[in-house]
Amino acid sequence: MPVITFANTKGGAGKTTAALILATELARHGARVTILDADPQHWISHWHDISGKIPNVDVISYVTMASIQGHINENKAKTDYFIIDLAGARNTLMATAIGLSDHVMIPIQGCAMDAKGGAQVLELLGYLKEKAGVDIPHSVVLTRVNSLVTTRALQVVKQLLAQRAVHVLETPIIERSAFRDIFDCGGTLQTMDPHRVSNLDKACENARAFGDEVRKLLPVRLYAGMRRAA
Ligand SMILES: Nc1ncnc2c1ncn2[C@@H]1O[C@H](COP(=O)(O)OP(=O)(O)OP(=O)(O)O)[C@@H](O)[C@H]1O
Ligand SMILES: [Mg+2]
């Protein structure tokens, strides 16, 4: 069961949003997902509280550095994917979560400040590889991308990542009101009211493409029995 961590030391990069979209998509395809909510704002825990039972989705709130490994060990038998949502900060919990991850997703908005927060995560991954010989696969996921125009800032970020040979997911997460409203409504994109949420169909299509790409990148069967010992 792959452990996927969303990390960017900059606040507001889109970690929580991307983590929830991915979790609900994986669950919709029948995978059992456990979300470890390590974001001090607890948006996903709140979403879970107001959603009622969402099939295949479990949320663990109040994850700390001391408890994170235990949460993974205790739930691995009933989990196909762990998704860790981190705070927008550079701290020891981030380093611990990254060390436990099979894949680190780095959400980056097409603006310079954001790229800097992402670069700090990339630096840490580089450090772990160089000093500890631990090579953790990772990808950048571009977030809050405008559906109509490619901004100059976004192009600059893409060029920078290409120069550094960083893997970037083909599917960017588009700026959609559905991805905001889901935190207020609860439930999933599929249970939202298309008459009240603009472009809900496009948001669903975007989420599906994102989920499909991650499922292809990290198939559960590849990780069966491979979880590193505690
Ligand atoms: N694809 C999107 N479409 C529309 N709004 C978005 C999208 N992604 C993020 N947002 C909005 O941007 C803001 C920040 O997003 P989010 O909370 O996901 O970032 P974060 O990286 O988890 O932040 P933090 O570091 O504070 O935990 C939120 O108001 C969220 O609703
Ligand atoms: Mg967050």
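In this report, we go over the structure that sits alongside the text. If you're wondering where the values come from, they're calculated on a predicted model, not measured in any experiment.

### Comments concerning the pattern of salt bridges
Phase 1: Throughout the structure, instances matching the rule amount to 10 salt bridges.
Phase 2: One salt bridge in this structure joins Lys-131 and Glu-130, with 3.9 Å as the shortest N-O distance.
Phase 3: Taking the relative accessible area as the measure of exposure, Lys-131 reaches 56% and is therefore exposed.
Phase 4: Put simply, Arg-144, Glu-175 and Arg-180 are held in one network by salt bridges that share partners.

### A word on the coordination of the magnesium ion (ligand 2)
Phase 1: Around the magnesium ion (ligand 2), the donor atoms from the protein are Thr-16 (OG1) and Asp-39 (OD), and they sit 2.0 Å away. Of this pair, Thr-16 sits in helix α1 (residues 15–28) while Asp-39 sits in the loop between β2 (33–38) and α2 (43–51), and the two are 23 residues apart along the sequence. Of the two residues, Thr-16 and Asp-39, neither departs from the other in class, the shared state being buried.

### Some thoughts on the site of ligand 1
Phase 1: As a structural note, the neighbourhood of ligand 1 is formed by 18 residues, with Lys-15, Thr-16, Thr-17, Gln-41 and Arg-144 the closest of them.
Phase 2: Lys-15 is positioned with one of its side-chain polar atoms (N or O) 2.8 Å from an oxygen atom of ligand 1.
Phase 3: Side-chain polar atom of Arg-144 to an oxygen atom of ligand 1: 2.8 Å apart, as the coordinates give it.
Phase 4: For ligand 1, the protein covers 84% of the area, taking 620 Å² as the surface of the free molecule.
Phase 5: The cavity where ligand 1 resides is the largest pocket.

### What about the sheet that holds strand β6 (residues 138–143)?
Phase 1: The strand order across the open sheet built from 6 strands is β3-β2-β4-β1-β5-β6, with neighbouring strands paired in parallel fashion. The strands lining the two open edges of the sheet, one partner per strand, are β3 (57–60) and β6. Along the sheet, successive strands turn relative to each other by an average axial angle of 20 degrees, direction set aside.
Phase 2: Inspection of the sheet shows strand β5 (residues 103–109) paired to β6 by 6 bridges, in the parallel sense. Bridging across to β6, Pro-107 finds its partner in Val-141.

### Observations concerning the nonpolar core
Phase 1: Membership of the largest hydrophobic core comes to 39 residues, with the highest contact counts inside it found for Phe-6, Leu-189 and Phe-210.
Phase 2: Going through the elements one at a time, β1 (3–6), α1, β2, α2, β3, β4 (81–86), α7 (177–185) and α8 (200–217) are the ones with two or more residues in this core.
Phase 3: With 8 residues, the top contributor of residues to this core is α1.
Phase 4: When near neighbours in sequence (up to four residues on either side) are disregarded, Leu-189 contacts Ala-178, Phe-179, Ile-182, Leu-200, Ala-203, Cys-204 and Ala-207.
Phase 5: With 34 residues, the next largest nonpolar core counts Met-1, Val-3, Ile-98 and Val-166 among its residues.

### A few points about the side chain of Thr-9
Phase 1: By the secondary structure assignment, Thr-9 is in the loop between β1 and α1.
Phase 2: The exposure class of Thr-9 is buried, given its relative accessible area of 11%.
Phase 3: For Thr-9, the side chain forms a polar contact with the main-chain oxygen of Gly-117, separated by 3.2 Å.
Phase 4: Polar contacts involving the side chain of Thr-9 include one to the side chain of Gln-120, which spans 2.6 Å.
Phase 5: If near-sequence neighbours (up to four positions away) are discounted, Thr-9 is found in contact with Gly-88, Ala-89, Arg-90, Met-94, Gly-117, Gln-120 and Val-121.

Cut-off values and rules
- The residue numbering used here restarts from 1 in each chain and proceeds along that chain's sequence as written.
- The lettering of chains begins at A and the numbering of ligands begins at 1, in the order of writing.
- Note on the predicted model: pLDDT of at least 70 is required for a residue's local features to be given, and 80 or more for side-chain atom pairs to be given and counted; whole-chain, interface and lining totals, by contrast, use all residues.
- As a rule here, side-chain values cover all heavy atoms of the structure and leave hydrogens and water aside.
- In the sections that follow, a salt bridge refers to a side-chain nitrogen of Lys or Arg positioned within 4 Å of a carboxyl oxygen of Asp or Glu.
- The rule is simple: take the accessible area with a 1.4 Å probe, protein chains only, and divide by the maximum for that residue type; under 20% is buried, over 50% is exposed, in between is partly exposed.
- Here the term donor refers to an N, O or S atom within 2.8 Å of the metal (or 3.2 Å for Na, K and Ca), and because water is left out of the atoms, sites may appear incomplete.
- Each helix is a run of DSSP H or I of at least 4 residues and each strand a run of E of at least 2, with the numbering of both proceeding from the N terminus.
- Each residue is tested against the molecule or strand, and it is near if at least one of its non-hydrogen atoms lies within 4 Å.
- Between N or O atoms, a polar contact is any pair within 3.5 Å; within protein, one atom must be a potential hydrogen donor and the other a potential acceptor, and residues adjacent in sequence are included only when both atoms are from side chains.
- Here the open area of atoms and residues is found with the Shrake-Rupley method and a 1.4 Å probe, where only the protein chains shown may cover a residue.
- Every definition here rests on a 1 Å grid over the protein atoms only: cavities are sets of points where a 1.4 Å probe fits but cannot get out, pockets are open sets enclosed by protein on both sides within 12 Å along at least five of seven lines, and lining residues have some atom within 4 Å of a point.
- Think of it this way: if more than half of a molecule's atoms are within 2 Å of a pocket's grid points, that molecule is in the pocket or cavity.
- One requirement defines pairing of two strands: DSSP has to find at least two bridges between them.
- Axis definition: a line fitted to C-alpha atoms, over the contacting stretch in the case of helices. Angles run 0 to 180 degrees between N-to-C directions.
- By convention a nonpolar core is built from buried Ala, Val, Leu, Ile, Met, Phe, Trp, Tyr and Cys residues, the set being connected through side-chain atoms within 4.5 Å.
- Throughout, a residue-residue contact means that at least one pair of heavy atoms, one from each residue, lies within 4.5 Å.

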